[in-house]
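An overview of the molecular structure
Residues per chain, in single letters:
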There are 2 protein chains.
Amino acid sequence: MEEELLEDLVLSQKPDYATEIIGILRGNEAPRVIADKLSDYHEADIADILPIISEQERKKLYRIVDVSFLSDILESVEEEEASKYLDEMDLRKAAAILSKMEPDAAVDVLREIRKERRLILIDLLNDEAKKDIALIASFDEDEIGSKMTTNYVVIRENLSIKEAMHSLVDQAAENDNISTLFVVDEDGIFYGAVDLKDLIIARQGTKMDELIMTSYPYVYGHETVDDCLERLRDYNEDSIPVLDNDNTLLGVITSQSMIQVVDDAMGDDYAKLAGLTAEEDLQEPLGQSMKKRLPWLLILLALGLGVSTVVGVFEKVVAELTIIMAFQSLILDMSGNVGTQSLAVTIRVLMDENLTAKQKFGLVTKEMRVGFFNGLLLGIISFIFVGLYIGLVKRRGIAFGYAVSGCIGVSMIVAMVISAAVGTLIPLLFNRLKVDPAVASGPLITTINDLVAVVTYYSLSGLFLIGIFHLA
Amino acid sequence: MEEELLEDLVLSQKPDYATEIIGILRGNEAPRVIADKLSDYHEADIADILPIISEQERKKLYRIVDVSFLSDILESVEEEEASKYLDEMDLRKAAAILSKMEPDAAVDVLREIRKERRLILIDLLNDEAKKDIALIASFDEDEIGSKMTTNYVVIRENLSIKEAMHSLVDQAAENDNISTLFVVDEDGIFYGAVDLKDLIIARQGTKMDELIMTSYPYVYGHETVDDCLERLRDYNEDSIPVLDNDNTLLGVITSQSMIQVVDDAMGDDYAKLAGLTAEEDLQEPLGQSMKKRLPWLLILLALGLGVSTVVGVFEKVVAELTIIMAFQSLILDMSGNVGTQSLAVTIRVLMDENLTAKQKFGLVTKEMRVGFFNGLLLGIISFIFVGLYIGLVKRRGIAFGYAVSGCIGVSMIVAMVISAAVGTLIPLLFNRLKVDPAVASGPLITTINDLVAVVTYYSLSGLFLIGIFHLA
């Protein structure tokens, strides 16, 4: 309850900021005064009002607020939105803002701007921004290099503490990420990193070498995000340097972009588990959404048709004992659920650690044990209830009811154990084949489980109920 | 290919570190020398060798490496693992390490240590650590306060630039997170924040007020993680202050813990989508895993039994025209898949932004449109193939085949549109009721979709195939 209250209290702050900001903006004080007042607010809060106010008011804002603050503001909105606002400005202003933005953010925004305007804008960027943006745009979106910023402090390895401190102060004006200083040799080869904190508390006469962490972690720009995500998380650092193939320092991954990257990676796995090829967002047009969903649906349809033909094989069994088809969905669903659970667990485990063969084996057996014991419990429950249902509600007699529900219970246990195994083995296999298990596993598992469940269920029924008990 | 190569190249570095580190540790140089050499390595790399080496070698490491480095090392391993290592040390050492650790990490580790030892350890902590740990332990695990650290730099609002700089240097030795300085008034009420960078480049005589961001974002310790996660991500800051209900500064959330929090939040949703109550990890005992999975399976079983009774109602239809039951699984699976897709999209959208009624309506209609067009396509495909299959493979004649597959095609379209709607509406509803949609939606949607699909399919078949075409 108290949380509720506090939450409302806090959430009610942001609208307040919004009204304050809009109030200031609409006021008719001198531009300078308005600019000063606005500078007290957080860029994210100012960004929040942009969609609310009119284009005229936005244009007033563009004129009043200085370029670097505008670039901070645009960095904290979605790319599409940012590109829309840039379209409202004259080219020079837009170019100036893009030049000030984090290069990786600028690249994302530029991607959203229509070609002819984009080319002019790039042409108008200041040379450094042009260089940085070209560098970052040179990486594919799934390469870690595309997530880096060139906005960091770099020093030579042969400086004294004093010189290093000076060099920091010089660069700090231009670069935000100062908590770690990166050290290179005369050829720009990455040499190590210095924690700003150590530099600040270092006594006079301390040797720079004592401060430089020479085994500071790093990644290569061409590594795929998935490949180095795990390491980025392991090393609990604010920023990790990105090197080219010659170990030259190109840029850094800040923890801010790491949050983004982790979030995206998880989001994609999440989407894939649900049979989407990638994550969707709200503004996305119909066509794109369909493109992201159809591939799986088509595969699933093909597989589903396969399953149906198998079920078709048991037509005779069902014809003789129709009641059993009523519980097909039950067994299919349950084994499907168990398979999905094992799949999800396995994928997350694979995402978090690199497993030894022994661990993998352990995982599979564990999943099968879980599947068995859950199956046992659920099998017994359904045995009891289905028996009663057929016997009493459907009026086929208790004996008949429990014969059928016996089949159901057993089939359920068998199906769940196999599903658990399949749900673990297949992602492990795909992972081994360097195919993203989150993409490939889902449908395959569902199908195999469906087949297993159907075959077990109907053959057991055919064998015992019709073959032996002659219940047909 | 090149990525492959680079990846192997890079991955091959970590084992190298490991062998180097182990080599140094096993060498028989003076402790001081070994300590110096080890200090060149990243704590995460040293942490990696702990499971590999023997307990004796670990104990040698504990003796040689100083406490603060040991605490860094233990911070970068899992809680269970860390607690195991602490058990290998004498109490005073363990307590000293815990005192040095980030309080939030220390709390997590302490949770893993058996009660009697834990109480002694807490008793042995130094007073400050005791205070910090007590503070953080006072928050529930789902409250943001439990994720904060008390390891930050705080200054009074009335200092001059020079004084602030001094105060920073004094505190820097003790506190890692220095990139943002937090400002409080004489009562410790949060007043704003100063970017270290601005402080460093500030000219003499600049007023402190010009550097203080008075509308710097903050959260309240008792807010649930889910409630403020979105804001934490919005404000692209390295660290965000945590206040108590009287707006006193308690601690900060660092971007490092934010990465963890974002990852956990996503991981839980991911698990929930798969019908797990929470994320599982590798070491987890069988019992716990079952506990996390059974709740859903039981609910799903109950719902599944419900569906089966409904299917049972159509026993007569099936008895007269058994072939149709072969395609039940097809329609159920497809509508299930579409429902899951809509569910996943909706949950992620809800996680990322707070929607207006208009946007919600837009989302629902969009999902239905996607469902319809995908359904149309898939319906036509199955119409064609199923018709051929029944007509030719099953030798029932083309006319009969296409009558049946017509029913299947139409049922599929209807089922998919409704599934898409249900898959969107239910999470929106739960979200409105402040129930986590990721938990509650899954099974309900599956069931409703199963029911819709079964009823549509069998009633259409009964009506047209048996009632009108008399195909029975």
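Thresholds, definitions, all that
Residues numbered from 1 in each chain as written. Chains lettered and ligands numbered in written order. Predicted model: local features only at pLDDT ≥ 70, side-chain atom pairs only at ≥ 80, totals over all residues. Heavy atoms only, no water. UniProt positions renumbered as here; feature names shortened; annotations may be inferred. Helix = DSSP H or I, 4+ residues; strand = E, 2+ residues; numbered from the N terminus. Buried < 20%, exposed > 50% of the residue type's maximum accessible area, 1.4 Å probe, protein only. Arc of directions from axis to C-beta. Contact = heavy atoms within 4.5 Å. Patch = residues over 30% accessible without salt bridge, like charges linked within 9 Å, V, L, I, M, F, W, Y side chains within 5 Å. Areas by Shrake-Rupley, 256 points an atom, 1.4 Å probe, with all protein chains shown as cover. Salt bridge = Lys/Arg side-chain N within 4 Å of Asp/Glu carboxyl O. Axes fitted to C-alpha atoms, helices over the stretch in contact; angles between N-to-C directions. Parallel < 35°, antiparallel > 145°, perpendicular 65-115°, else oblique. Left-handed = near helix turned anticlockwise from the far one by under 90°. Nonpolar A, V, L, I, M, F, W, Y, C, P; charged D, E, K, R; others polar. Least-squares fit on C-alpha atoms with pLDDT ≥ 70 in both. Expected span 1.5 Å × (residues − 1). Phe/Tyr/Trp six-rings, centres within 6.5 Å; stacked < 30°, edge-to-face > 60°. Pairing = 2+ DSSP bridges. pLDDT = per-residue confidence, 0-100. Domains from an automatic or database assignment. Right-handed = clockwise from strand over helix to strand, strands pointing away. Buried area = accessible area lost by both parts, 1.4 Å probe. Polar contact = N/O pair within 3.5 Å; in protein donor to acceptor, adjacent residues only side chain to side chain.

Residues and elements named next belong to chain A. The positions that UniProt labels "transmembrane region" (unreviewed entry) are, in the present scheme, residues 294–314, 372–392, 398–430 and 451–471. Each end of residues 294–314 is marked by a C-alpha atom, and these two atoms are 30 Å apart; helix forms 95% of the span and strand 0%. Secondary structure content for residues 372–392 is 100% helix and 0% strand, while the C-alpha to C-alpha distance between its ends is 29 Å.

Residue and element names in this part refer to chain A. For helix 11 (residues 127–137), the complete set of buried residues consists of A129, D132, I133 and I136. Taken down its axis, helix 11 places every buried residue within 95 degrees of arc, on the same side. Those residues of helix 11 that are exposed and angled more than 90 degrees off the buried face are D127 and K131. Those residues of helix 11 that are buried are in contact with helix 8 (91–100) and helix 9 (103–112).

With that out of the way, let us pick up a nonpolar patch on the surface. Residue and element names in this part refer to chain A. A surface patch of nonpolar side chains, amounting to about 940 Å² of accessible area, comprises F372, F373, L376, I380, F383, I384, F385, L388, L392, V393 and I398. Ranked by the residues each element gives to the nonpolar patch, the list is headed by helix 20 (residues 357–393), at 10 residues. Locating F383 in the fold gives a position in helix 20. Note on F383: relative accessible area 33%, which makes it partly exposed.

The subject of this paragraph is the packing of helix 20 of chain A against helix 21 (residues 398–432) of chain A. All names here are of chain A. Here helix 20 crosses helix 21 at 160 degrees, and the two axes come no closer than 7 Å. As judged from the angle between their axes, helix 20 and helix 21 are roughly antiparallel. Crossing hand, helix 20 versus helix 21: right-handed. Classifying every residue of the contact of helix 20 with helix 21 gives 25 nonpolar, 12 polar and 2 charged.

Between chain B and chain A, the superposition needs a rotation of 180 degrees and an axial shift of 0.1 Å, giving an RMSD of 0.1 Å. Look at the turn and shift together and you get a two-fold axis relating the two. Of all interface residues in chain B, 100% are interface residues in chain A too; the two copies therefore contact each other through one and the same surface.

With 12 residues, helix 12 (residues 161–172) of chain A should reach 16 Å at 1.5 Å per residue; the first-to-last C-alpha distance of 16 Å fits that figure. Three or more residues of helix 12 of chain A are buried, namely A:I161, A:A164, A:S167, A:L168, A:Q171 and A:A172. Projected down its long axis, helix 12 of chain A carries its buried residues within an arc of 130 degrees, all on one side. In helix 12 of chain A, the exposed positions that point more than 90 degrees away from the buried face belong to A:K162 and A:D170. Contacts made by the buried residues of helix 12 of chain A are with strand 1 (152–156), strand 2 (177–184), helix 13 (196–201) and helix 14 (208–211) of chain A together with helix 13 (196–201) of chain B.

When the charged atoms of two side chains with opposite charge come close together, those side chains can pair. Residues and elements named next belong to chain A. Scanning the model with the defined rule gives 34 salt bridges over all chains in all. Its salt-bridge partner being R58, residue E88 comes within 2.7 Å of it at the nearest N-O pair. Of this pair, E88 sits in the loop between helix 7 (79–87) and helix 8 while R58 sits in helix 5 (residues 55–64); the two residues are 30 residues apart in sequence, bridging distant segments of the chain. In terms of burial, E88 and R58 fall into one category: buried. Salt bridges here are not isolated pairs; linked through shared partners, they connect D87, R114, E116 and R117.

Okay, the packing of aromatic side chains next. Residue and element names in this part refer to chain A. Inspection of every chain in the model, using the stated rule, returns 20 aromatic pairs over all chains. Plain terms: the ring middles of F327 and Y389 are 6.2 Å apart, the flat faces sit at 80 degrees to each other, and that makes the pair edge-to-face. With F327 in the loop between helix 18 (315–320) and helix 19 (328–352) and Y389 in helix 20, this residue pair connects regions lying 62 residues apart in the sequence. Judged by its relative accessible area of 1%, F327 is buried. Classification of Y389 as buried rests on a relative accessible area of 14%. Linked through ring pairs, Y152, F182 and Y216 together constitute an aromatic cluster.

Here we take up the pairing of strand 3 (residues 190–195) of chain B. Note on strand geometry: in a regular strand, side chains alternate between the two faces of the sheet. All names here are of chain B. Alignment of strand 2 (residues 177–184) against strand 3, held across 5 bridges, turns out to be antiparallel. Among the inter-strand pairings, F182 is bridged to a residue of strand 3, identified as A193. Connecting the antiparallel pair strand 2 and strand 3 is a turn made up of 5 residues, with G188 showing a positive phi of about 80 degrees.

Right, let's get into the UniProt feature "domain: CBS" (unreviewed entry) in chain A. Residue and element names in this part refer to chain A. Per the UniProt annotation, the sites labelled "domain: CBS" (unreviewed entry) are residues 148–210 and 212–270. In residues 148–210, helix accounts for 33% and strand for 30%; the two terminal C-alpha atoms are 28 Å from one another. Regarding residues 212–270, the helix share stands at 44% and the strand share at 22%, and the terminal C-alpha atoms are separated by 40 Å.

As a further point, take the confidence of the model for chain A. Residues and elements named next belong to chain A. In the predicted model, chain A carries a mean pLDDT of 85, and the fraction of residues at 70 or more is 95%. Highest mean pLDDT in chain A belongs to helix 8 (93); lowest belongs to helix 1 (residues 2–11) (46). Confidence drops under a pLDDT of 50 for residues 1–15, and excluding neighbours within four residues, the segment shows 23 contacts in the predicted structure. Overall fold confidence (pTM) sits at 0.72, and the ipTM for the predicted complex is 0.70.

Moving on to the sheet that holds strand 3 (residues 190–195) of chain A. All names here are of chain A. Taken together, the 3 strands give an open sheet; going across it, the order is 1-2-3, and neighbouring strands pair in mixed fashion. Strand pairing shows two members of the sheet lacking a second neighbour, strand 1 and strand 3, which therefore form its edges. The average undirected angle you get between the axes of adjacent strands in this sheet is 35 degrees. Along the sheet face, helix 12 touches strand 1 and strand 2 and points at about 150 degrees away from the line of strand 1.

This part takes up the sheet that holds strand 3 of chain B. Residues and elements named next belong to chain B. One open sheet accounts for 3 strands, arranged 1-2-3; its pairing is mixed. Lying at the two open borders of the sheet, with one neighbouring strand each, are strand 1 (152–156) and strand 3. Direction aside, the axes of adjacent strands within the sheet are offset by 35 degrees on average. Inspection of the sheet shows strand 1 paired to strand 2 by 5 bridges, in the parallel sense. Within strand 2, the position partnered with I155 by the bridge is V183.

Here we come to unusual backbone geometry. Look at A:R395: it is not a glycine, yet its phi comes out positive at around 55 degrees. Mapped onto the fold, A:R395 is located in the loop between helix 20 and helix 21. A:R395 gets classed as exposed once you look at its relative accessible area, which sits at 71%. A positive phi is found at B:N247, a non-glycine position, where the angle reads about 65 degrees.

Let us now look at the domain arrangement of chain A. On domain assignment, one finds that chain A holds domain 1 (18–138), domain 2 (153–273) and domain 3 (286–468). Computed from C-alpha atoms alone, the centre-to-centre distance between domain 1 of chain A and domain 3 of chain A is 53 Å.

Another aspect to go through is the pairing of strand 2 of chain A. In terms of residue burial, strand 2 of chain A counts as a mostly covered element, since 8 of its 8 residues are buried. What joins strand 1 of chain A to strand 2 of chain A is helix 12 of chain A, and the crossover it makes is right-handed.

With that settled, consider the interface of chain B and chain A. It is common to report an interface's size as the accessible area lost on association of the parts. Residue-level contacts link 133 residues of chain B with 133 residues of chain A. For the chain B and chain A pair, buried surface summed over both sides reaches about 11,900 Å², with 63% attributable to carbon and sulfur atoms. The largest per-residue losses of area from chain B upon contact with chain A belong to B:Y270, B:L282 and B:Q341, which jointly make up 7% of the total buried on that side. The salt bridge involving B:R396 is made with A:E315; its shortest N-O contact spans 2.6 Å. Inspection of the region where chain B meets chain A yields 20 residue pairs in polar contact (both at pLDDT 80 or more). Sort the elements by how many residues they give to the side of chain B that touches chain A and helix 17 (residues 286–313) of chain B lands first, with 18 residues. Grouping the amino acids of the side of chain B that touches chain A by side-chain chemistry returns 67 nonpolar, 29 polar and 37 charged.

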